[in-house]
Amino acid sequence: MEGRATASVRVDGAPTEATLCGGELRWRRGGAAGERALSLEREVLGVEARGKEVVVRAFVTTGAARARSCASGAGAGGKGAGRRCRRDFVLEMEDGEGAAAAWGERLARCLDSFGGPKRLFVLVNPFGGRKCAKKIYDMEIKPLFEAAGVSITVQETEYQGHAREVASSLDLGKYDGIVCVSGDGVLVEVVSGILQRTDWEDAIKMPIGVVPAGTGNGMAKSLLHAASETCSVSNAVFAIIKGLVADIDIESEKYRWMGSARFDFYAVVRIMNLRKYCGSIQFVPAPGYESYGEPVKQVENSIVESLEQNGKSHPSSYPGPSVEFQASDWRFADGPFVAVWINNVAWAAEDIMAAPEAKFSDGCMDAIILRDCPKADLLMKMSDGSYVKSTYVTYLKVRSFKLSPGQLVENPKRGGIIDVDGEFNNFVIYSL
Ligand SMILES: Nc1ncnc2c1ncn2[C@@H]1O[C@H](COP(=O)(O)OP(=O)(O)OP(=O)(O)O)[C@@H](O)[C@H]1O
């Protein structure tokens, strides 16, 4: 961080002194307005010298949220800030163009030191959610990237599976990150595409961001919630520009949680409508959960074979998880079940906290097993995750999981639905 610098400036025509110190830009405002402080890291997107003026492009917290964060000592624009809005501040340098250019460079160097992305590849799914991702991109996302001086290459997805194809062949050397303006489905496709690449071990290091523009947006909600941010389009874009998400220690563990299953790092297995289904589950419990279920005497060969098959269709792509579990590690539970969910992020959608104990990097999947439950009881308590305390719910962490779905109890001719983030499956195994 550079040392303290001061300059005589005019703001809104009034003379004052600007100070840059410790990553904060301050100046005194006229009348009772007092001092204005901008945190370059948490509030400034970009800066431009224009003649005698330095234009500071900011994304500041507003009203009550700002007052609260200052009063609590969190500093302007600190974590947990509420609504933000775009605002330009113009500092007119008393010493003319040379001073403006020097201050512009000084501020730009400080912003660069935070390491935000300079070149992003953005995938927009025009069919996600309420089909307004394109409009969201034009109205809310593009202006923020432009203010931050980020160079953008945009690609609209044209059909299902397109994002996977693009990610599998994209020239990653040209970009600092991939951003999905979509729901979770396109994000999953991007990760799958990257894992199909022959250079997947390097490619998986590419930062991937998501801006919520789908129906559920569970991953965007989970990431922003973990960073104590409200789930919104602008907060997601700001987090991408500022690398705030990386601050919460996802970066170092990215490979682990993304590589945790071949097809999904965020997987929800659902049997909907509170009907009861036969079937069974087998799992390797995480440490501390060994008492759940019953011991399995002999692991079916199919489990081992299926896990070993992971990745074999593309010899040089991601080979799938290596499995070293012994037969004695496996346990089982038989149905009937109302629902079986496997998650490794907390939020399944913006308003459904499916797995309140899920952590990005704990090396486990969270299994939620519902044997029976009054429907109203379940729906009411899902928004805050407290439904897992219900006596009808079993919640445990597992290292490996197999679901063998059965038929509907009331109608053996009908099976349930297995949903892996929107894609139907007949038979599912997840392993870490
Ligand atoms: N142009 C397109 N036409 C049809 N389908 C598309 C197109 N582009 C992408 N898709 C598909 O749309 C599906 C859903 O996308 P996405 O996840 O963005 O939104 P969502 O399903 O509304 O949100 P969520 O997954 O959070 O519930 C993906 O499977 C993707 O392959």
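Residues numbered from 1 in each chain as written. Predicted model: local features only at pLDDT ≥ 70, side-chain atom pairs only at ≥ 80, totals over all residues. Heavy atoms only, no water.

Basically, it comes down to this: UniProt positions are given in the numbering used here, feature names are shortened, and annotations may be inferred rather than shown by experiment.
In the annotation of an unreviewed UniProt entry, the chain is listed under the name sphingosine kinase and assigned to Panicum miliaceum. According to its UniProt record, the chain has this under Subcellular location (unreviewed entry): "Vacuole membrane".

### Digging into the site of the ligand
Cut-off, in case you're wondering: A single heavy atom is enough: if one lies within 4 Å of a molecule or strand, its residue is considered near that molecule or strand. We define a polar contact as two N or O atoms separated by no more than 3.5 Å, with the added condition that, inside protein, one atom must be a possible hydrogen donor and the other a possible acceptor, whereas residues neighbouring each other in sequence contribute only through side-chain atom pairs. Methods summary: accessible areas were calculated by the Shrake-Rupley approach with a probe of 1.4 Å, and residue burial reflects only the protein chains presented. By the criteria applied, helices consist of DSSP H or I runs no shorter than four residues and strands consist of E runs no shorter than two, each listed in order from the N terminus. Residue polarity is assigned by list, with Asp, Glu, Lys and Arg as charged and Ala, Val, Leu, Ile, Met, Phe, Trp, Tyr, Cys and Pro as nonpolar; anything else, Gly included, falls into the polar class.
Around the ligand there are 19 residues in total, and G129, T157, G185, E189 and T215 lie nearest to it. Measuring from an oxygen atom of the ligand, one finds a backbone N or O atom of G183 at 2.8 Å. In the model, an oxygen atom of the ligand is placed 2.3 Å from a nitrogen or oxygen of the E189 side chain. Coverage of the ligand by the protein amounts to 78% of the 640 Å² it exposes when considered alone. With 4 residues, the top contributor of residues to the shell around the ligand is helix α6 (residues 184-196). Here the shell around the ligand is built from residues that sort into 3 nonpolar, 13 polar and 3 charged.

### Focus on the packing of aromatic side chains
The line we're drawing: Two aromatic rings, drawn from Phe, Tyr or Trp (for Trp, its six-membered ring), form a pair once their centres lie within 6.5 Å of each other, and the interplanar angle then sorts them: stacked below 30 degrees, edge-to-face above 60, tilted otherwise. By definition here, charges over rings are those cases where NZ of Lys or CZ of Arg is within 6 Å of the ring centre and within 35 degrees of the ring normal.
Tallied over the full model, the rule gives 5 aromatic pairs. Their ring planes at 45 degrees and their centres at 5.8 Å tell us that Y289 and Y292 sit as a pair that is tilted. When the ring centre of W347 is taken as reference, the NZ or CZ atom of K221 above it lies at 4.2 Å.

### A word on the pattern of salt bridges
Convention followed: For this analysis, a salt bridge means a side-chain nitrogen from Lys or Arg found within 4 Å of a carboxyl oxygen belonging to Asp or Glu. Note on exposure labels: buried denotes an accessible area under 20% of the residue type's maximum, exposed denotes more than 50%, and partly exposed covers the range between, all computed with a 1.4 Å probe on protein chains only.
Tallied over the entire structure, the rule returns 17 salt bridges. In this structure, D199 and R197 form a salt bridge, with 2.8 Å as the shortest nitrogen-oxygen distance. For K205, the salt bridge identified is with D202, shortest N-O distance 3.3 Å. Residue K205 shares its accessibility class with D202, and that shared class is exposed. Among the charged side chains, a salt-bridge network with shared partners connects E48, R57, R86 and D88.

### Looking at the side chain of N235
Put simply, the rule reads: In this analysis, two residues are considered to be in contact whenever any of their non-hydrogen atoms come within 4.5 Å of each other.
Summarising the element assignment, N235 is placed in helix α9 (residues 233-242). Note on N235: relative accessible area 5%, which makes it buried. When residues no more than four places from it in sequence are discounted, the contact partners of N235 are R84, L224, E229 and T230.

### Details of the nonpolar core
Rules: Put simply, a nonpolar core is a bunch of buried Ala, Val, Leu, Ile, Met, Phe, Trp, Tyr and Cys residues held in one set by side-chain atoms that sit within 4.5 Å of each other. Domain start and stop positions are those given by an automatic or database domain assignment.
Counting 55 residues, the largest nonpolar core has I141, F145, I178, V181, V190 and V211 as its most contacted members. Counting only domains with at least three residues in this core, you end up with domain 2 (119-248) and domain 3 (277-431). In this view, V181 contacts V122, L123, V124, N125, A133, Y137, I141, V211 and A213; residues no more than four positions away in its chain are not counted. Grouped together as the second largest cluster of nonpolar side chains are 24 residues, V60, F89, A99 and C110 included.

### Structural notes on the sheet that holds strand β1 (residues 5-11)
Short version of the rule: For two strands to be treated as a pair, DSSP must find no fewer than two bridges joining them. Where helices are involved, their axes are fitted lines through C-alpha atoms of the stretch in contact, as for all axes, and angles between N-to-C directions lie from 0 to 180°.
The strand order across the open sheet formed by 7 strands is β4-β3-β2-β1-β7-β6-β5, and the pairing between neighbours is antiparallel. The open sheet terminates on both sides in strands that have one partner only, identified here as β4 (35-39) and β5 (44-50). Pairwise comparison of adjacent strand axes, ignoring direction, gives a mean angle of 30 degrees for this sheet. Bridge analysis of strand β3 (residues 24-28) against β4 gives 5 bridges, and the strand direction is antiparallel. When the sheet's bridge partners are listed, E24 is paired in β4 with S39. The strands touched by helix α4 (residues 133-147) within the sheet are β5, β6 (53-61) and β7 (84-93), with β5 carrying the most contacts at an inclination of about 55 degrees. On top of the sheet, α9 reaches β5, β6 and β7; it is set at about 70 degrees to β5, its chief contact.

### Focus: helix α5 (residues 162-169)
We count it as follows: Arc, as used here, means the arc of the directions from the helix axis to the C-beta atoms.
When α5 is considered as a whole, its buried residues turn out to be H162, A163, V166 and A167. Buried residues along α5 cover an arc of 130 degrees about the axis, so they all sit on one side. The secondary structure elements touched by the buried residues of α5 are β8 (119-124), β9 (151-156) and α6.

### Re the sheet that holds strand β10 (residues 177-182)
Pairing within the open sheet is parallel, and its 4 strands lie in the order β9-β8-β10-β11. Of all the strands in the sheet, just β9 and β11 (208-212) have a single pairing partner and so form its edges. Each adjacent strand pair in this sheet contributes to an overall mean axis angle of 20 degrees, direction not counted. Relative to β10, β8 is paired through 5 bridges, and the arrangement is parallel. Within β10, the residue paired with V122 across the bridge is V179. Against the sheet, α4 engages β8, β9, β10 and β11, with an angle of about 165 degrees to β8. In the packing of α9 onto the sheet, the strands contacted are β8, β10 and β11, and the crossing angle to β11 comes to about 165 degrees.

### Comments concerning unusual backbone geometry
Residue P336 follows G335 across a cis peptide bond; omega there is 5 degrees. Position of P336 relative to the elements: it lies in the loop between β14 (331-334) and β15 (339-343). With a phi close to 60 degrees, N217 is a non-glycine residue in the positive phi region. One non-glycine residue, S228, lies in the positive phi region at around 60 degrees. Tracing the sequence through the fold places S228 in the loop between α8 (218-226) and α9.

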